[in-house]
Amino acid sequence: MPELERLAAHHAPAVLRFERENRAYFARYVPDRGDDFFTRYAARHAALLDEQDRGTCHFHVLVGDHGAVVGRFNLVDVAGGSAELGYRVAERAAGRGLARDGVRRVCELARTE
């Protein structure tokens, strides 16, 4: 079973790989992030970690075999006991209940932490 981990600096290469490998798949459901997202990913990742350190957002990755990211689960605009949830699961991992399980686990963390 993949492990849910709080986003950290060492996840950057795996997250970028996840986003690149699934770009066309994600674009079928949500607007594409654009080329700039990929060319400037290192700065974007650092900015996410800054937001997380401030407590305004909480980012998580679902890590499978060999450190591969198979999902992302984010709580953004955290304030007043609420947040907006967003998530993505890799195409190769879709249909196995990982999205449902990841959402449940992130919501549990939000309630307890």
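Caption draft 1: Summary view of helix α5 (residues 98-112). Taking 1.5 Å of rise per residue, the 15 residues of α5 would be expected to cover 21 Å, and the 21 Å separating its terminal C-alpha atoms lies within 8% of that figure. The set of residues buried in α5 consists of Leu 98, Asp 101, Gly 102, Val 103, Arg 105 and Val 106. Elements in contact with the buried residues of α5: β1 (3-6), β2 (58-63), β3 (69-79) and β4 (82-89).

Caption draft 2: The arrangement of the confidence of the model for the protein chain in detail. When pLDDT is averaged along the protein chain, the result is 95, and 100% of the positions lie at 70 or above. Ranking the helices and strands of the protein chain by mean pLDDT puts helix α1 (residues 12-21) first, with 98, and α5 last, with 94.

Caption draft 3: Summary view of the packing of aromatic side chains. Scanning the entire structure with this criterion turns up six aromatic pairs. Where Phe 37 meets Phe 38, the ring centres are 5.1 Å apart and the plane angle is 80 degrees; that geometry is what we call edge-to-face. Neither residue differs from the other here; Phe 37 and Phe 38 are each classed as buried. For the ring pair Phe 73 and Tyr 87, a centre distance of 5.9 Å and an interplane angle of 15 degrees mean the geometry is stacked. Placement of the pair is Phe 73 in strand β3 and Tyr 87 in strand β4, with a sequence separation of 14 residues. Overall, Phe 73 belongs to the buried group, its relative accessible area being 0%. The exposure class of Tyr 87 is partly exposed, given its relative accessible area of 47%. What links up through ring pairs into an aromatic cluster is the set Phe 18, Tyr 25, Phe 26 and Tyr 29. The ring of Phe 37 has Arg 33 sitting right over it, with the charged end atom 4.7 Å from the ring centre. In this structure, Arg 88 packs its charged tip against the face of Phe 26, placed 4.6 Å from the ring centre.

Caption draft 4: Fine view of the environment of Glu 19. By the element assignment, Glu 19 lies in helix α1. When near neighbours in sequence (up to four residues on either side) are disregarded, Glu 19 contacts Phe 26, Arg 33, Phe 37, Phe 38, Arg 72 and Arg 88.

Caption draft 5: Representation of empty space enclosed by the protein. Summed over the entire model, instances satisfying the criterion amount to one cavity of 30 Å³ or more. Counted as a void, the largest cavity has a volume near 50 Å³. Taken together, Glu 19, Arg 23, Phe 26, Ala 27, Val 30, Pro 31, Asp 32, Arg 33, Phe 38 and Arg 88 make up the full set of residues lining the largest cavity. No other element matches helix α2 (residues 23-27), which puts three residues into the lining of the largest cavity.

What counts as what
- Residues numbered from 1 in each chain as written.
- Predicted model: local features only at pLDDT ≥ 70, side-chain atom pairs only at ≥ 80, totals over all residues.
- Heavy atoms only, no water.
- Helix = DSSP H or I, 4+ residues; strand = E, 2+ residues; numbered from the N terminus.
- Expected span 1.5 Å × (residues − 1).
- Buried < 20%, exposed > 50% of the residue type's maximum accessible area, 1.4 Å probe, protein only.
- Contact = heavy atoms within 4.5 Å.
- pLDDT = per-residue confidence, 0-100.
- Phe/Tyr/Trp six-rings, centres within 6.5 Å; stacked < 30°, edge-to-face > 60°.
- Lys NZ or Arg CZ within 6 Å of the ring centre and 35° of its normal.
- 1 Å grid on protein atoms, 1.4 Å probe; cavity = no way out; pocket = protein on both sides within 12 Å on 5 of 7 lines; lining within 4 Å.
- Points joined across faces, edges and corners; volume = space filled by probe spheres on them.

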